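# Analysis of the macromolecular model
If you want the building blocks of each chain, they are given just below.
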Amino acid sequence: TYKGKQVMPTTKIERLADINTGEPVNIQPGEVWHCYDVTFINLEDQKFVKPYFLLEKNGEKIMISFDEFTKKCEGIFTNAEEGYTNYPMFMLEQDYNEIIAKRKHSAEERQRLEEEMQRQKELARQEYNKQIIHKYGNKYGTLICDGKVCLNMTKEMCIAAWGEPLYVNSTIVKG
């Protein structure tokens with residue numbers, strides 16, 4: 001699956017050693033590494049052989065345990081903006097690019113829907129304003145559309161401008 005392909009880490013990985021020089025290698029998220037070989041190593045303290053991937057980039061060669069790779073990674077990202085996990089993991093560059101493309105498409109679709117909803121709201125508001133001005137005339141209709149009230153407005157006009165009252169305070173006097 002990985003041999004001969006480009007892979008990418010999903011997080012920053014530090015304190016790896018270059019196979020040839022022993023120099024420390026730090027890997028940044030989104031860097032593209034070439035998986036040039038796969039090997040199995042039997043460590044003394046383990047019962048079974050463990051698969052390792054040999055990676056290279058710009059002359060640096062490192063060895064990464066199979067545990068830090070994943071084949072299908074959709075949904076593992078925990079940082080939505082950057083698209084990286086909180087734990088070391090590699091994936092094929094192609095899979096990474098597909099996930100990022102899907103997220104970008106979803107974000108664009110969400111943005112398009114929000115803009116369409118805003119446009120529909122604005123059209124509805126304009127139509128409402130036209131009806132109010134037609135019903136109450138230019139002077140009062142414009143005030144109502146702006147959410148204002150003035151003397152000589154009817155109860156219906158005030159409700160149209162400000163909405164239903166939260167409470168009504170009435171005073172009854174003799175005469």
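This report concerns the structure included in the present document. Note that this is a predicted model, so its numbers are computed, not measured.

This paragraph deals with the pattern of salt bridges. All told, the structure shown has six salt bridges when counted by the stated rule. Linking K130 and E127 is a salt bridge whose minimum nitrogen-to-oxygen distance equals 3.9 Å. Of the two residues, K130 and E127 both sit in helix α1 (residues 93-145), three residues apart, roughly one turn of that helix.

Once that is clear, we can look at the nonpolar core. V7, L16, I27, W33, L55, I62 and F90 are the most contacted members of the largest nonpolar core, which has 14 residues in total. At the level of secondary structure, the elements contributing two or more residues to this core comprise β2 (13-17), β3 (24-27), β4 (33-41), β5 (50-57), β6 (60-65) and β7 (90-92). Aside from chain neighbours lying at most four places away, what touches W33 is K5, Q6, V7, P9, V25, I27, L55, E56, K57, E60 and I62. One finds Y136, C145, M153 and A161 within the second-largest nonpolar core, a separate group that totals eight residues.

So, about the side chain of E31. Positionally, E31 belongs in the loop between β3 and β4. Judged by its relative accessible area of 18%, E31 falls in the buried class. One polar contact links E31 to W33, side chain to side chain, over a distance of 3.1 Å.

All right, on to the pairing of strand β1 (residues 6-9) then. For β1 and β4, the ladder comprises two bridges, and the chain directions are antiparallel. Looking at the pairing, Q6 lines up with H34 of β4. Two strands pair when backbone bridges link them, and β1 and β7 are joined in this way by three bridges, in the antiparallel orientation. When the bridges of β7 are listed, V7 appears paired with L92.

Scoring rules and cut-offs
- Residues numbered from 1 in each chain as written.
- Predicted model: local features only at pLDDT ≥ 70, side-chain atom pairs only at ≥ 80, totals over all residues.
- Heavy atoms only, no water.
- Salt bridge = Lys/Arg side-chain N within 4 Å of Asp/Glu carboxyl O.
- Helix = DSSP H or I, 4+ residues; strand = E, 2+ residues; numbered from the N terminus.
- Core = buried A, V, L, I, M, F, W, Y, C linked by side-chain atoms within 4.5 Å.
- Buried < 20%, exposed > 50% of the residue type's maximum accessible area, 1.4 Å probe, protein only.
- Contact = heavy atoms within 4.5 Å.
- Polar contact = N/O pair within 3.5 Å; in protein donor to acceptor, adjacent residues only side chain to side chain.
- Pairing = 2+ DSSP bridges.

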